[in-house]
Amino acid sequence: MGKLDLLGEFLLNWRIKVVLPYIHGRLMDIGCGTNKLVKQYGNGIGVDVYQFGGADLILKDTSKIPYDNESFDTITIIASLNHIPNREEVLKEIHRILKRDGRLIITMISPRISKFWHLIRSPWDKDQKERGMNEGEVYGMTKKNIINLIEQCGFIIKKELRFMLFINRLTLAGKI
């Protein structure tokens, strides 16, 4: 797969530009897709459950990551938490492998916008054509859903900001 269409690439680059300033140290990007964030940052590993053409590690289940406790300084989930059916288990695993002073960065759009976006983008979106939506995946997540989930898994919200014409949200969290 490997390459996105022009609009998909433009939006990915926009997300990366917003996220990069918040990354420090060794990075793990979960749901990395083409792994562009890790490649651009230069110090880390991209993990996915599907080979989009660039992941460093393909896992059947990202709630079972083969790394020691506190192995990463930053863990990102960019526009993909909604595509993880076992979100709570994955966030607990992230808590385990994230360093004590580490950062969790999540970007997400709301369910309403996501559903509309997936509908209009489906003819050009290779992700939808090749992989589709699996059981447990949802169209976007609300701010409240993300905050509740993050806090349930032992994190505290440190920063939130909206970007991409206020459609997208970045949530930065750390361990409690």
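Rules behind the numbers
- Residues numbered from 1 in each chain as written.
- Predicted model: local features only at pLDDT ≥ 70, side-chain atom pairs only at ≥ 80, totals over all residues.
- Heavy atoms only, no water.
- Helix = DSSP H or I, 4+ residues; strand = E, 2+ residues; numbered from the N terminus.
- Buried < 20%, exposed > 50% of the residue type's maximum accessible area, 1.4 Å probe, protein only.
- Contact = heavy atoms within 4.5 Å.
- Areas by Shrake-Rupley, 256 points an atom, 1.4 Å probe, with all protein chains shown as cover.
- Pairing = 2+ DSSP bridges.
- Axes fitted to C-alpha atoms, helices over the stretch in contact; angles between N-to-C directions.
- Core = buried A, V, L, I, M, F, W, Y, C linked by side-chain atoms within 4.5 Å.
- Arc of directions from axis to C-beta.
- Salt bridge = Lys/Arg side-chain N within 4 Å of Asp/Glu carboxyl O.
- Right-handed = clockwise from strand over helix to strand, strands pointing away.

## Digging into the overall build of the protein chain
Inference 1: Helix and strand content of the protein chain: six helices and seven strands.
Inference 2: Its helices and strands taken in sequence order, the protein chain reads α-β-α-β-β-β-α-β-α-α-α-β-β from the N to the C terminus.
Inference 3: In the protein chain, buried positions account for 48% of the 176 residues.
Inference 4: The long-range fraction of contacts in the protein chain, counting pairs at least 24 apart against all pairs at least 6 apart in sequence, stands at 61%.
Inference 5: Taken as a whole, the protein chain presents about 9,000 Å² of accessible surface, with 55% of it coming from carbon and sulfur.

## Overview of the sheet that holds strand β3 (residues 57–58)
Inference 1: Strand order in the open sheet formed by seven strands is β3-β2-β1-β4-β5-β7-β6, with mixed pairing between adjacent strands. The sheet terminates laterally at β3 and β6 (155–163), the two strands that pair on one side only.
Inference 2: Two strands pair when backbone bridges link them, and strand β4 (residues 72–78) and strand β5 (residues 98–109) are joined in this way by six bridges, in the parallel orientation. Note that in β5 the partner of I75 across the bridge is L104.
Inference 3: Packed on one face of the sheet, helix α1 (residues 6–19) meets β4, β5, β6 and β7 (168–175) and runs near 130° to β6.
Inference 4: Along the sheet, helix α6 (residues 143–152) contacts β5, β6 and β7; its crossing angle with β6, the most-contacted strand, is approximately 155°.

## Thoughts on the nonpolar core
Inference 1: Within the largest apolar cluster, 26 residues are counted, with the highest numbers of intra-cluster contacts made by M28, L81 and I94.
Inference 2: Breaking this core down by element, the ones donating at least two residues are β1 (27–30), β2 (44–48), β4, α3 (87–97), β5 and α6.
Inference 3: In contact with M28, not counting residues within four places along its chain, are I45, V47, I65, Y67, F72, T74, I75, T76 and I97.
Inference 4: Formed by 16 residues, the second largest nonpolar core is a distinct cluster that contains L12, I16, V18 and V38.

## Topic: α6
Inference 1: For α6, the full list of buried residues reads I146, I147, L149 and I150. Taken around the axis of α6, the buried residues stretch over an arc of 165°, which confines them to a single face. Those residues of α6 that are exposed and aimed more than 90 degrees away from the buried face are K144 and Q152.
Inference 2: On the buried face of α6, the contacting elements are α3, β5, β6 and β7.

## Considerations on the pattern of salt bridges
Inference 1: Here the structure, examined in full by the defined rule, presents eight salt bridges.
Inference 2: Where K36 meets E9, a salt bridge forms, and the shortest distance between an N and an O atom there is 2.5 Å. Of this pair, K36 sits in helix α2 (residues 36–41) while E9 sits in helix α1, and the two are 27 residues apart along the sequence.
Inference 3: One salt bridge in this structure joins D61 and K64, with 3.2 Å as the shortest N-O distance.
Inference 4: Given the relative accessible area of 59%, K64 is considered exposed.
Inference 5: Several salt bridges converge on common partners, so that one network encompasses E70, R100 and K175.

## Focus on the pairing of β1
Inference 1: Covered by surrounding structure in β1 are L27 and D29 together with M28 and I30, the residues of both alternating faces.
Inference 2: Alignment of β1 against β2, held across four bridges, turns out to be parallel. Following the sheet pairing, I30 is matched in β2 by V47.
Inference 3: The β-α-β motif built from β1, the intervening α2 and the parallel element β2 has right-handed crossover chirality.

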